[in-house]
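An overview of the molecular structure
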Amino acid sequence: MPFSLLKYGLNNDYPFERDADLPAPSELKSSYDVVIIGGGGHGVATAYYLAKYHGITNVAVLEKGYLGGGNTARNTAVIRSNYLTSEGVKFYSESVNMFKELSNEFDFNIMYSERGQLTLAHTDATVRAFRQRAEVNKHFGGRTELIGPQEIKELVPTLNMNPAHMPVLAGLWHMDGATARHDAVAWGYAKGATQRGVELHQLTEVTDVIVENGKVTGVKTNRGTVQCGCAIQAVAGHSSLMAAKAGFRMPITTYPLQAMVTQPVKPFLDPLVSSSALHCYVQQTGRGEIVFGGGSDPYPLYNTRSTMELKESLLAHAIEMFPFMANLRLMRQWAGITDMTSDYSPIMGLSPVENYYLDAGWGTWGFKATPICGKTMAELVASGGKVPDLIAPFAMDRFDVFRQVNEMGATAASH
Amino acid sequence: MKIMPCPLNGPRNISEFVHGGEVRDMPNPTTCTDREWAEYVFYSDNQAGIVTEWWLHAASGYWFIAERHTVTDEIIRTYDPSEIFNQRVEFSDETTAKEVGA
Ligand SMILES: Cc1cc2nc3c(=O)[nH]c(=O)nc-3n(C[C@H](O)[C@H](O)[C@H](O)COP(=O)(O)OP(=O)(O)OC[C@H]3O[C@@H](n4cnc5c(N)ncnc54)[C@H](O)[C@@H]3O)c2cc1C
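Residues numbered from 1 in each chain as written. Chains lettered and ligands numbered in written order. Predicted model: local features only at pLDDT ≥ 70, side-chain atom pairs only at ≥ 80, totals over all residues. Heavy atoms only, no water.

1. Description of the packing of aromatic side chains
Inclusion rule: Between the rings of Phe, Tyr and Trp (Trp by its six-membered ring), a pair exists once the centres lie within 6.5 Å; its type follows the angle of the planes, with under 30 degrees stacked, over 60 edge-to-face, and the other angles tilted. Secondary structure elements are taken from DSSP: a helix is a run of H or I of four residues or more, a strand is a run of E of two residues or more, and numbering for both begins at the N terminus. Summary of the burial criterion: residues with accessible area below 20% of their type's maximum are buried, those above 50% are exposed, and those between are partly exposed, where the area comes from a 1.4 Å probe applied to protein chains only.
For the structure shown, the criterion picks out 24 aromatic pairs over all chains. Geometrically, the ring pair formed by A:Phe402 and B:Phe42 is tilted, given 5.9 Å between the ring centres and 55° between the ring planes. In this pair, A:Phe402 is assigned in the loop between α9 (370–382) and α10 (408–411) and B:Phe42 in the loop between α1 (34–41) and β4 (50–57), connecting two distinct chains. Of the residues examined, A:Phe402 reaches a relative accessible area of 35% and is grouped as partly exposed. Pairing B:Trp37 with B:Tyr40 gives two aromatic rings, centres 5.3 Å apart and planes at 45°, and the pair type is tilted. Of the two residues, B:Trp37 and B:Tyr40 both sit in helix α1, three residues apart, roughly one turn of that helix. Residue class for B:Tyr40 comes out partly exposed when judged on its relative accessible area of 23%. Through a chain of ring-to-ring contacts, the aromatic side chains of A:Tyr48, A:Tyr49, A:Tyr53, A:Phe106 and A:Tyr189 assemble into a single cluster.

The structure is reproduced here in C-alpha cells:
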C-alpha cells in the first residue's frame with residue numbers, strides 16, 4: 001500500500017470535505033426559484049441541466065429518502081431506443097446518444113457498456129412488428145436489424161432455440177442496446193448539480209403542495225415550508241399521490257415490478273436478451289451475475305414486497321431460454337413501484353396547475369430516458385413553460401383527446 | 001400463495017383472478033363530453049390505502065367487488081356487485097344512433 005494512502009486513511013480529519021462527492025446537509029432556505037420533488041435520476045438530471053445550460057442554480061431537490069433510492073437504484077438498467085412510434089424513437093435515441101458521453105462529461109465512470117440488445121420473436125406476427133421497429137429505428141439514426149436463427153446462435157451460443165416449444169424465428173438486434181451503473185448516473189448528476197450550486201436535501205419529504213389561484217407557490221415538507229417560483233414533480237411510483245396534493249388526477253396506475261439476480265458466473269452472455277413471448281429478459285452484469293426481469297405484478301400496489309409466484313414463473317421462463325441456469329442460486333430479489341400509463345409512454349410537461357411541471361408515467365422504462373428527460377425538463381422550466389418539441393407528444397392531455405403514443409408492444413418484454 | 005376470498009367460489013389462489021380496476025360511475029357514453037369519457041377511461045385516483053375494485057374470477061367468469069389495501073396488500077372484504085348495483089343501468093337508445101365525431 002502506498003504510504004500516502006495510509007497517511008490519508010489515518011488522518012484525523014478524514015474523510016476530507018473537499019473529497020466528498022456531495023456537500024454536507026444544510027438548512028432549507030425559505031424560498032427557491034425551482035423546487036424539484038424527488039431525488040431520483042430524473043430529479044437530479046433536471047437540476048444538473050438547469051444549472052449547466054440555463055444558469056439557474058437557486059434550485060432545491062427534495063428527496064424523502066436518499067439520493068437515487070427509488071426506482072433509479074432498482075432498475076435493471078436496460079438502455080435502448082428500438083421503440084415503435086416515431087415520437088418514442090426520436091426521444092429515446094437522443095437519450096442513448098447522451099448516455100454515451102456521460103462518463104466523460106461527469107468525469108465519473110457510469111460504466112456504460114454497449115452490449116447490444118436482442119429481442120426474440122416466436123411468431124410471424126412478432127416478426128412483422130420487429131421489421132417495422134427495425135425500419136423506424138434506422139430512420140431515426142439508430143442501429144437495428146432483423147436477424148435470423150443462425151446469427152442468433154452465433155451471438156448467443158448458450159440460448160435454447162426452442163424455449164417452451166416456441167421456436168425462435170428471428171431476432172430484433174439492436175446494436176445500440178446498452179447498460180450502465182444506475183447509481184453512478186444519479187451520483188454523477190447530483191455531484192455536477194451541487195458543484196454548480198444546486199441544493200440536494202435528502203430525508204426531506206414533501207407533504208403538501210401549496211396552490212394559490214391555480215398557481216403553485218410553495219411546498220410543505222417535514223422540515224418546514226418553502227416558497228418556490230415553480231415546482232417539478234419527479235416521484236415515479238408516487239406520481240398520483242403527489243398530483244393529488246396539487247389537486248388533480250393523473251392517468252396512472254401504480255404497480256410493483258420485481259427483479260432478481262443470481263450468483264456470479266464466468267462471462268457467457270454479452271448481449272441483453274429478451275423474449276417477446278416469454279415476457280422475460282436476461283443479462284449478465286460486469287461482475288458476472290445474471291439479472292432477470294419480466295412483466296409487472298398482476299394488480300396495483302404501493303408495496304415493494306417480492307412474491308414467490310412471480311419468481312417461479314419468471315425463472316421457469318429464464319430456464320427455458322438458458323437451461324444451464326437451473327443450477328444457479330439466486331442471490332437477491334427486490335421490487336420497485338412503478339407509475340404505469342396505459343400507452344406505455346411517459347407524461348411530461350405542463351399540468352393543470354400553473355408553474356407546476358410533470359415528469360411522470362415512467363413505469364418500467366424510465367431509466368434509459370434519464371439524460372434526455374433532465375435536459376428537456378430543464379428547457380421547459382427555463383423557458384417558463386414553453387414545451388420542447390421533443391416532449392410535446394407526451395403531454396398529459398393527450399389522453400383527453402385520445403392521442404396516445406402506444407409503445408406497449410415495444411416495452412412489455414424488455415423495459 | 002396469496003388467497004382471494006371469492007364470494008362465489010370461496011378462498012382461491014389470487015392467480016385465478018383478474019384485476020378489473022376501480023369501481024366508479026360510468027358517464028352516459030352517448031351524452032358525455034370526450035373529456036368526461038377520457039376521465040372515466042384513463043384517469044384514476046390510484047390511491048395508497050383502501051380501494052374498492054372490480055375483480056374477475058377467470059375460471060367461473062364471475063365479477064365481484066373487493067375492498068383492498070394497496071399499501072399492506074390485505075384484502076379486507078369481498079362481495080357480490082348486487083350490494084352496490086341493485087338495478088340495471090340503461091342508456092337511452094335515441095342518442096346511440098348519433099354519429100360521434102367526424
Ligand atoms: C425492477 C425494475 C426494473 C426496471 N428496469 C428498467 C430498465 O431496464 N430500463 C429502464 O429504462 N427503466 C427501468 N425501470 C424503470 C426506471 O427505474 C424508472 O422509470 C426510473 O428510475 C424513474 O426515475 P425517477 O428519477 O423518475 O424515479 P425514482 O428513482 O423512483 O425517484 C423518485 C424519488 O422520489 C422520491 N419521493 C417520492 N415521494 C416523495 C415525496 N413526497 N417527497 C420527496 N420525495 C419523494 C422517492 O423517494 C424517489 O427517490 C425499472 C424499474 C424497476 C422497478
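2. Here's the deal with the site of the ligand
All names here are of chain A. Here is the rule we go by: Here a residue counts as near a molecule or strand whenever at least one of its heavy atoms sits within 4 Å of it. Definition of a polar contact: a pair of N or O atoms within 3.5 Å, with one able to donate and the other able to accept a hydrogen when the atoms are protein atoms, and with sequence-neighbouring residues admitted only if both atoms are side-chain atoms. Shrake-Rupley sampling with a 1.4 Å probe provides the accessible areas, and residues are treated as covered by the protein chains on show and by no other component. Side-chain classes follow a simple rule in which Ala, Val, Leu, Ile, Met, Phe, Trp, Tyr, Cys and Pro form the nonpolar group, Asp, Glu, Lys and Arg form the charged group, and the remainder, Gly included, forms the polar group.
The local shell around the ligand holds 37 residues, among which Glu 63, Asn 71, Thr 72, Thr 76 and Lys 368 are the closest. Measuring from an oxygen atom of the ligand, one finds a backbone N or O atom of Asn 71 at 2.7 Å. Residue Asn 75 places a side-chain N or O atom 3.3 Å away from an oxygen atom belonging to the ligand. Relative to its unbound accessible surface of 1,000 Å², the ligand loses 97% to contact with the protein. Broken down by secondary-structure element, the contributors of at least two residues to the shell around the ligand are α2 (41–54), β10 (253–262) and β14 (330–340). Looking at the shell around the ligand, its residues break down into 15 nonpolar, 17 polar and five charged.

3. What to know about the sheet that holds strand β3 (residues 17–22) of chain B
Residues and elements named next belong to chain B. Note the threshold: Paired strands, in this sense, are two strands between which DSSP finds at least two bridges. Orientation is described by lines fitted to C-alpha atoms, with helices fitted over the stretch in contact, and by angles between N-to-C directions that extend from 0 to 180 degrees.
With respect to topology, four strands assemble into an open sheet ordered β3-β4-β5-β6, the strand pairing being antiparallel. The sheet is open, and its two borders are formed by β3 and β6 (74–79), each paired with just one other strand. Between one strand and the next, the sheet's axes are offset by a mean angle of 35°, whatever the strand orientation. As judged from the five bridges shared by β3 and β4, these two strands associate in the antiparallel manner. Within β4, the position partnered with Val 18 by the bridge is Leu 56.

4. Digging into helix α4 (residues 124–139) of chain A
All names here are of chain A. The condition is simple: By definition here, a helix of n residues has an expected span of 1.5 Å times n minus one. Whether two residues touch is decided by their heavy atoms; if any such pair falls within 4.5 Å, the residues are in contact.
Between the first and last C-alpha of α4 there are 23 Å, a value that for 16 residues agrees with the 22 Å anticipated at 1.5 Å per step. Looking at α4, one finds that the buried residues are Thr 126, Val 127, Phe 130, Arg 133, Ala 134, Val 136 and Asn 137. Contacts made by the buried residues of α4 are with α3 (86–106), β3 (117–121), β4 (144–147), β5 (170–174) and α10. Phi turns positive, to about 90°, at Gly 141, one or two residues after α4.

5. Description of the side chain of A:Glu63
Residues and elements named next belong to chain A. Structurally, Glu 63 can be placed in the loop between β2 (59–62) and α3. Polar contacts involving the side chain of Glu 63 include one to the main-chain amide nitrogen of Gly 39, which spans 2.7 Å. Apart from the residues within four sequence positions on either side, Glu 63 is in contact with Gly 38, Gly 39, Gly 40, His 201, Gln 202, Leu 203 and Thr 204.

6. Here's the deal with the pattern of salt bridges
Quick note on the threshold: Counted as salt bridges are all cases of a side-chain nitrogen of Lys or Arg within 4 Å of a carboxyl oxygen of Asp or Glu.
For the structure on display, the rule yields 20 salt bridges over all chains. Through salt bridges that share partners, A:Arg249, A:Asp400, B:Arg35, B:Glu39 and B:Asp45 make up one connected network.

7. Things to note about the pairing of strand β12 (residues 280–284) of chain A
All names here are of chain A. For β12, the buried fraction is high: five of the five residues fall into the buried class. Strand direction decides the pairing type here: strand β11 (residues 272–275) and β12, joined by three bridges, are antiparallel. Bridging from a neighbouring strand, Ser 274 pairs with Tyr 281 of β12. In terms of strand pairing, β12 meets strand β13 (residues 290–294) through five bridges, oriented antiparallel.

8. A closer look at a nonpolar patch on the surface
Residue and element names in this part refer to chain A. Formally: Residues enter a patch when their relative accessible area is above 30% and they make no salt bridge; the linking distance is 9 Å between like charges and 5 Å between nonpolar side chains (Val, Leu, Ile, Met, Phe, Trp, Tyr).
There is a patch of nonpolar side chains on the surface, built from Phe 3, Leu 6 and Leu 10 and spanning about 360 Å² of accessible area. Mapped onto the elements, Phe 3 comes out in helix α1 (residues 3–10). You can call Phe 3 exposed: its relative accessible area is 62%.

9. So, the environment of A:Gly409
Of note, A:Gly409 is situated in helix α10. In the structure, A:Gly409 is positioned 92 residues away from A:His317 in sequence and 19 Å away in space, judged by C-alpha atoms.

10. Considerations on the environment of A:Met175
Residues and elements named next belong to chain A. By the secondary structure assignment, Met 175 is in the loop between β5 and α6 (182–195). Exposure remark for Met 175: the relative accessible area of 25% places this residue in the partly exposed category. Filtering out sequence-adjacent residues up to four positions away, Met 175 remains in contact with Glu 114, Gly 116, Arg 143, Thr 144 and Glu 145.

11. Remarks on the confidence of the model for chain B
Operational definition: pLDDT is a residue-level measure of predictor confidence that goes from 0 to 100.
Of all residues in chain B, 89% have pLDDT values of 70 or greater, and the mean over the chain is 90. Both scores are available for the predicted complex, with the pTM at 0.94 and the ipTM at 0.90.

12. What to know about the interface of chain B and chain A
So the rule is basically this: Each of two parts loses accessible area, computed with a 1.4 Å probe, when they are put together; buried area is these two losses added.
The partner chain A presents 23 residues to the 25 residues of chain B that form the contact. For the pair chain B and chain A, the summed buried surface comes to about 2,000 Å²; carbon and sulfur atoms form 51% of the total. When the buried area of chain B at its contact with chain A is split by residue, B:Phe42, B:Tyr43 and B:Asn46 rank highest and sum to 35% of it. Put simply, chain B and chain A have four salt bridges between them. In this structure, A:Arg249 and B:Asp45 form a salt bridge, with 2.9 Å as the shortest nitrogen-oxygen distance. On the surface where chain B and chain A come into contact, there are 15 residue pairs in polar contact (both at pLDDT 80 or more). Take the side of chain B that touches chain A: its biggest share by element is five residues, from α1(B). Considered class by class, the residues forming the side of chain B that touches chain A number nine nonpolar, eight polar and eight charged.

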